[in-house]
Structure formats: structure tokens, C-alpha cells
Amino acid sequence: MSVRTEPQSFNPFTKRDSPTDLLSTFINAKLVRINRATEELEPWLAQRWTRSDDGTRYTVTLRPGVTFADGHPFTADDVVFTFNVLYDERSRNVLADALRPGGQPLTVSAIDSHTVVITFPEPFAPGLRLLDILPILPRHRLEAAFRAGTFADAWGLGTPLDRITGLGPFTLAEYVPGQRTVLTKNPRYFRRDERGVALPYLDRVTIEIVTDQNAELLRLEAGDLDLTASEVRPEDFAPLRRAAEGGRAQLFDLGVGYDVNGFWINLTPGGLAGSGTGGRPAAPDRREAWVQRTELRHAISLAVNRQAFADAVYLGAGEPVFGPVTAANRKWFSTAVPQTPHDPAQAQALLASIGLVDRNGDRLLDDPEGKTARLTMLTQKGRTALERGAAVIRDEVAKLGLTIDVVTLDGAALIQRFLSARDFDAVYFSVLMSSTDPALNGDFWMSTGYAHVWRLHQRTPATSWEREIDELMKRQMRSFDETERKAAFDRVQALFAEQLPMVHFVAPKVFAAASARVTNLTPALSRPQLLWSPDTIAVTH
């Protein structure tokens, strides 16, 4: 199988890029799992649980007889240890924000070796669904690093593979930087199928790094690849359909997706500037006076013809969208979100209102200081939809005289750049939601969140609208009344549309493909569409 970029770490607590997260799905296991095909919550390492009447206390019974891949028994101590790491500030944990309902940590205690009590700080509607993103760590392997305050550096890519162990269906066997990761079957994995056959079915998985999507397509058609971690590009649909009709591949049309690529501007004060001498921040970029204005983002939204965007980027296989929640998420999508028209005249007027006008007749907008109005947009190299989308945005705003330069970076470098919150103007990239339930995407919606990418590292809300969204999301998370939850999130979507910290244009239809020899696939709309349940995938020989 293939991925676009190599993982940033073997430690899913310190990095949240897609390859690292995918590896964790193979290597680790969670207390509970959300079935991506049915959206139902399933017991996993947890065998069963009960909930208190007030909805805050869960008593969880763990599966007996489970061991880590290295043979060490799994107990309640590993669960408690995982939560201790999760909330420890020294660990630089990327999962913690999403696991603080109401902004407060969960309290976890062991009753005996196979029973834990998980207490929420307040009622939390999704309950244990929150834990779907939390892999359980081996205390016996990582406690020393945790106590020494070095957990943030543990299980980096240079770690000897035999020192890494988990509760998942596979173990790390080989890692060649920039080329591949090889996984082998975990013979101690706890799951069996309905016939009693030990899982996983596969003995070996090789994850190759294929940065070029054209090369990936050719290898998939030829049978050199069995699966890809990413969905199929629209332009690859026709050749893959021919391959499917010829019995060489399988092709799945999953409909319009949950996830949509977004454009955002760096709203961090001083964030447009890089580093100065001696590692000190450089002087603020004077362009912030107009680059960070709400009017600019609305002007860009108005300037882009979304149907033309769908045709150019997705060959028509997509639907215009006006926010991060798509119509595929039927339960939570708000039909009241305004649908921004394609209106270049209104866009031009908005730009003029913040002082961006052509002052010298060269058909290029100038800022209030008389300099050409120009910003740089980063996107990921080798991902066609991102490269094409960035080009469409650039070309559409160029018709108004606004200059956007597109710079492509490899995935790891791009993520590192925007997570630093410095030295960039704008980004066009995919920020994925971890769940269809907005309460489980607090890291995106809440001002302190790790995925609040337009203005990271906030300790308190920087704006009144972010403060209101924080309060609405807390209300949405606490209530067990579905009508109240929906009303609160509708208001969140309305505020997001008003302030537009991230601009969305088109939600693509999702296609997934596999070689003809792969069996037991359970396609799902959310990523990774074919790989979310790796222990049940099989191949014919």
C-alpha cells in the first residue's frame, strides 16, 4: 500500500499527521472504536461499561487475557498511565485538547487490574466516543521516559523498532526513511473473527512512500499496489473503472465526502514574520494591517467561482460548500449557512474598503502604503487536488488584481511550518475532522485547540466571536438534548460563516480503489476509507 509522505514519528501522542495516525491504527489499539461504516460505538480493549445516572462516570471492564505484542500483560495500569501521559504538559501532547470536554481533563482510576473508572468533569453527550482517538500505551516501555520528562522525544523515527510495542494487529518490522515501513502480524493480537480465527488475516504489510499520484495510479493499475491511504483523484476514476471492468482492480464510489480542503490566513499577531537574529521574532510584517482583515477572506470567497473550481479541480465530481461541515454529515449540517455567490464586483468593493486599490494603473492592487498587494499561499507538493485548487484560487483573485504566489512544500515541511504559527501568510490544505460529531472535534472549533490552525497557541479566546463559539461548543458538548445540541452547533456554523477564518470551496466526491486480490474491505466515507479496520483485510492468492 502507499502513503504520500513518511510519518513524522512512531509516537501518535506527539504528532498528528496522517501517516503517523495510520501507523498507529496498525500498531495500537483503543478502549473503544467508532465503526466508520456504521458510526456505531464498539467495545475494543474495553469489554463492557456502565454509566452513572448523571452521565459523568463510566465504569469500564477490560478484556481479560490481552497482552502487548512483546508479551507483557495489558492491565488497568496501562490505561491510567496513558491518561497521565495525555494530560502531562511536558509530553507536548497533540491529543490532549480533543480529550478535554469543557476544557477540563478526564479523571481515571483503577479499581482492580481489569476495571477502570473514567470520570468526566461534566456531562458530555458523546460519552466514551471521545476515546476513539486515544491509543493505549505500554506503561512498561514508556514510564521511564515519562518520569524523566522525555516522553515528547520517545518513539521518534530513530528508535530501534524492537523497543516499540502496542496492542494492535501489527508490529513494526522495518523502516527505511523516505521509502517504506514494513509491518508484520502480531501473533498476540487479542481479536478473533466470528469463526474463531485469529486476526489479523494478513501476515505482512508494506507501506511505501509514493509522493507522485500519477506513479501511484500506474502502480495500482498494474497490481504493484494493493491499496492507497488516500482517496482516488477524479481524473483517475476512468482508468480505474476500466481496470475494474477488466478484473484488475476494485473501485468504490462513496459519495460526497465529510472532509473538504480549506484556505486560511495566518491570523496570529506577528505570525507573518519569520525569525529574526538570535532566534528572536522578527519585526511584525506591516502587511498584517490588511492581510489579517475579515474583509480579505470574504473577498477571496466571493472571487472564486465554486462551480468552475469543482470542474477544474475535481472534473465536476464535487459540490460547492460554504463551510467545514458538508451535506454528507446529515445530522449536523446547517442548511442556514449563507451560500456565498460568485460576485467579483462585491469582492473588489471589499478589497477597496481595506485600502487595496490600483494606485498606478498597472491593474495590480496596491496596499495603503503603495506597495503591490501580495501574499504567499503554501500547499502540499504532489497532491493534485491541492495544487490545482491553489492554482484556481490564485487565478481567480488575480482577476481582481490581487497577487497570490503559490509555494508547494512536501507534507511534513508544510505541516511543520503552519503548526509553528510563524513565517507564513496563507495555506491551502486539508484539516480533517476526527468525527462526524462536532463535540469530538473540539481541537478544531475551540480557541485553544491544536487544529485551530488560523490562530494557534491561544490560552484564552483572542476574539469575541471565538469566545462565543467556545461557549456554544461547551453547551453543545454538555447537553444530552439533541435539539439543543443541534441549535448550538447551527449557531457555531453561522458565526464561522460570518468571520470566515477558513474558506472552503468544494467538497469532492470520494472514490477509493484497491487491487482485485484484496478482500474483506469495508469502505467508509471518512479517511482512511479502506484502511480504518486493518485487522480484517485479506488477500486472495
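For the structure, check the block above.
Cut-offs and rules
Residues numbered from 1 in each chain as written. Predicted model: local features only at pLDDT ≥ 70, side-chain atom pairs only at ≥ 80, totals over all residues. Heavy atoms only, no water. Helix = DSSP H or I, 4+ residues; strand = E, 2+ residues; numbered from the N terminus. Rg over C-alpha atoms; globule rule 2.2 N^0.38 Å. Buried < 20%, exposed > 50% of the residue type's maximum accessible area, 1.4 Å probe, protein only. Contact = heavy atoms within 4.5 Å. Areas by Shrake-Rupley, 256 points an atom, 1.4 Å probe, with all protein chains shown as cover. Lys, Arg positive; Asp, Glu negative; His and termini not counted. Charge placed at Lys NZ, Arg CZ, Asp CG, Glu CD. Pairing = 2+ DSSP bridges. Axes fitted to C-alpha atoms, helices over the stretch in contact; angles between N-to-C directions. Left-handed = near helix turned anticlockwise from the far one by under 90°. Nonpolar A, V, L, I, M, F, W, Y, C, P; charged D, E, K, R; others polar. Phe/Tyr/Trp six-rings, centres within 6.5 Å; stacked < 30°, edge-to-face > 60°. Polar contact = N/O pair within 3.5 Å; in protein donor to acceptor, adjacent residues only side chain to side chain.

Caption draft 1: Representation of the overall build of the protein within the structure. When you go through the protein residue by residue, the secondary structure sums to 14 helices and 20 strands. On C-alpha atoms alone, the protein measures out to a radius of gyration of 24 Å, which is about the 24 Å that the 2.2 N^0.38 rule sets for 541 residues. Along the longest, intermediate and shortest principal axes, the C-alpha atoms of the protein span 75 × 55 × 55 Å. Residues classed as buried in the protein amount to 56% of the 541 residues present. Long-range pairs, those at least 24 residues apart, make up 67% of the contacts in the protein between residues at least 6 apart in sequence. Accessible surface for the protein amounts to roughly 22,100 Å². Of this, 48% is attributable to carbon and sulfur atoms. Taking the 61 positively charged and 66 negatively charged side chains of the protein as two groups, their mean positions are separated by 2 Å.

Caption draft 2: Focus on the sheet that holds strand 1 (residues 2–3). The strand order 1-10-9-8 describes an open sheet built from 4 strands, whose pairing is mixed. Of all the strands in the sheet, just strand 1 and strand 8 (170–176) have a single pairing partner and so form its edges. Summarising the sheet, strand 8 and strand 9 (residues 180–185) pair through 6 bridges and their orientation is antiparallel. Bridge pairing links Glu-174 to Val-182 in strand 9.

Caption draft 3: Spotlight on the packing of helix 8 (residues 306–314) against helix 10 (residues 384–398). Running from N to C, helix 8 and helix 10 cross one another at 145 degrees; their axes reach a closest spacing of 9 Å. Judged by the twist between their axes, the crossing of helix 8 over helix 10 is right-handed. Counted together, Phe-309, Ala-312, Val-313 and Tyr-314 of helix 8 and Ala-385, Arg-388, Gly-389, Val-392 and Ile-393 of helix 10 form the full contact between these two elements. The residue makeup of the contact of helix 8 with helix 10, split by class, is 7 nonpolar, 1 polar and 1 charged.

Caption draft 4: Examining the packing of aromatic side chains more closely. Inspection of every chain in the model, using the stated rule, returns 22 aromatic pairs. Both rings, one in Trp-332 and one in Phe-489, keep their centres 6.3 Å apart while their planes meet at 90 degrees; by these two values the pair is edge-to-face. Taken together, the positions of Trp-332 in the loop between strand 13 (318–320) and helix 9 (344–353) and Phe-489 in helix 14 (residues 482–499) put the pair 157 residues apart, joining distant regions of the chain. Judged by its relative accessible area of 1%, Phe-489 falls in the buried class. Between Trp-445 and Phe-489 the ring centres are 5.2 Å apart and the planes differ by 90 degrees, which places this aromatic pair in the edge-to-face class. Here Trp-445, found in helix 12 (residues 442–445), pairs with Phe-489, found in helix 14; they are 44 residues apart in sequence, far enough to count as distant.

Caption draft 5: Geometry of the sheet that holds strand 5 (residues 57–62). Read from one edge to the other, the open sheet built from 4 strands follows the order 4-5-7-6, with strand pairing classed as antiparallel. Every interior strand has two partners, whereas the edge strands, strand 4 (46–51) and strand 6 (107–112), have only one. Strand-to-strand, the axes of this sheet are offset by a mean angle of 25 degrees, without reference to chain direction. Contacting strand 5, strand 6 and strand 7 (115–119), helix 2 (residues 76–86) runs over the sheet at an angle of about 165 degrees to strand 6.

Caption draft 6: Representation of the side chain of Gln-292. With respect to the helices, strands and loops of the structure, Gln-292 is situated in the loop between helix 6 (288–291) and helix 7 (294–303). Here Asn-266 takes part through its backbone oxygen, which lies 2.9 Å from a polar atom of the side chain of Gln-292. If sequence neighbours within four positions are ignored, Gln-292 has contacts with Asn-266, Leu-267, Thr-268, Pro-269, Leu-272 and Arg-297.

Caption draft 7: Structural detail: unusual backbone geometry. With an omega dihedral of 0 degrees, the bond running from Leu-199 to Pro-200 counts as a cis peptide bond. Counting through the fold element by element, Pro-200 comes out in the loop between strand 9 and strand 10 (204–209). Here the bond from Arg-527 into Pro-528 is cis, since omega is -10 degrees, no more than 30 degrees from zero. Counting through the fold element by element, Pro-528 comes out in the loop between strand 19 (518–519) and strand 20 (538–539). One non-glycine residue, Arg-363, lies in the positive phi region at around 70 degrees. Counting through the fold element by element, Arg-363 comes out in the loop between helix 9 and strand 14 (374–380). Positive phi values are uncommon outside glycine, yet Asp-423 reaches one of about 65 degrees. Looking at the secondary structure, you find Asp-423 in the loop between helix 11 (411–419) and strand 16 (426–429).

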